[in-house]
Structure formats: structure tokens, C-alpha cells
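Structural description and commentary
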Amino acid sequence: MWIGWVELDVLLGDVHTLKEKRALVRPLVADLRRTFTVSAAETGSLDLYRRAGIGVGLVAGDSQHVIDVLDKVEDFVSRRPELDLLSARRGLASSDD
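Residues numbered from 1 in each chain as written. Predicted model: local features only at pLDDT ≥ 70, side-chain atom pairs only at ≥ 80, totals over all residues. Heavy atoms only, no water.

Details of the packing of aromatic side chains
Within this structure, the stated rule accounts for one aromatic pair. Here Phe36 and Phe76 contribute two aromatic rings whose centre-to-centre distance is 5.4 Å and whose plane-to-plane angle is 80 degrees, an arrangement assigned as edge-to-face. Taken as a pair, Phe36 in helix H1 (residues 18-36) and Phe76 in helix H2 (residues 63-78) lie far apart in primary sequence, 40 residues in all. For Phe36, a relative accessible area of 17% gives the class buried. For Phe76, a relative accessible area of 23% puts it in the partly exposed group. (Phe/Tyr/Trp six-rings, centres within 6.5 Å; stacked < 30°, edge-to-face > 60°. Helix = DSSP H or I, 4+ residues; strand = E, 2+ residues; numbered from the N terminus. Buried < 20%, exposed > 50% of the residue type's maximum accessible area, 1.4 Å probe, protein only.)

Re the nonpolar core
In this structure, Val10, Leu32, Ile54, Val56, Val73 and Val77 are the most contacted members of the largest nonpolar core, which totals 23 residues. Where this core is concerned, the elements lending two or more residues are strand S1 (2-12), H1, strand S3 (51-60) and H2. Residues contacting Ile54, with those up to four places away along its chain left out, are Val6, Glu7, Leu8, Val10, Leu28, Val29, Leu32, Ala41, Glu42 and Thr43. (Core = buried A, V, L, I, M, F, W, Y, C linked by side-chain atoms within 4.5 Å. Contact = heavy atoms within 4.5 Å.)

Here we look at the sheet that holds S1
Spatially, four strands are ordered S2-S3-S1-S4 in an open sheet, and the strand pairing comes out antiparallel. Here the strands that pair on one side only, and so sit at the sheet edges, are strand S2 (39-44) and strand S4 (83-94). Adjacent strand axes in the sheet meet at a mean angle of 20 degrees, parallel and antiparallel pairs treated alike. Here S1 runs beside S4; their pairing, made up of eleven bridges, is antiparallel. When the bridges of S4 are listed, Val10 appears paired with Leu85. Along the sheet face, H1 touches S1, S2, S3 and S4 and points at about 150 degrees away from the line of S2. Along the sheet, H2 makes contact with S1, S3 and S4, crossing S4 at roughly 170 degrees. (Pairing = 2+ DSSP bridges. Axes fitted to C-alpha atoms, helices over the stretch in contact; angles between N-to-C directions.)

Brief notes about the pairing of S3
Counting buried positions along S3 yields eight of ten residues, so the element is predominantly enclosed. Two strands pair when backbone bridges link them, and S1 and S3 are joined in this way by ten bridges, in the antiparallel orientation. Its bridge partner being in S3, Trp5 is matched across the sheet by Gly57. Examined bridge by bridge, S2 and S3 share five bridges and lie antiparallel to one another.

Looking at the pattern of salt bridges
Taken as a whole and assessed by the stated rule, the structure comprises ten salt bridges. We note a salt bridge from Lys21 to Glu42, for which the minimum N-O separation is 3.1 Å. On the criterion of sequence distance, the pair formed by Lys21 in helix H1 and Glu42 in strand S2 is long-range, its members being 21 residues apart. Given a relative accessible area of 0%, Lys21 falls into the buried group. (Salt bridge = Lys/Arg side-chain N within 4 Å of Asp/Glu carboxyl O.)

If you want it as C-alpha cells, here you go:
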């Protein structure tokens, strides 16, 4: 069993309140869950209105599948016009570790 995750640090565009931030982040998290069948949540910078940390994780039987899905997730987020992807940190672990 392989477990993979990516932590995305994003800068939001024209956002001035936490309410506006949530209006951008919640649909993004829902799109990630629906499109890639992964677990996703807002995980960082919760009190900052122009920054967001988004965590995405998945479990699969093949490490290459995990890597491919995380690549697609990162590309999906980086193509969103309403935000800038600042960084992405990844992890990959086997249940044998």
C-alpha cells in the first residue's frame, strides 16, 4: 500500500476578507475531491485572507499511480486563474516503511 500527499501553499488573487477566501477555497477543495477522488482540505493559513494551505492525500496499491495523481492535482491547482501556486511539498510512503 502506498500513501501520498501534497501540501499546497497558494496566494489568492483579489480577496479582502476571510469570507471571500472561503468562497474561493471551498469550491477548489470540492473540485479536487470530485475530479481526482482524493481527500482534500484547507489545512494552513486559516487566519490569513490572501493565503491558503491545501492538503491532498490518497492511498493506492501502486506508487506510480500515487505520483501520477499528485502530478495532476498540482497541475490542476497551478492552472487556476484566481490563485498563484507558491509551493508544493510532497510525501510518499509505503506501508512497509
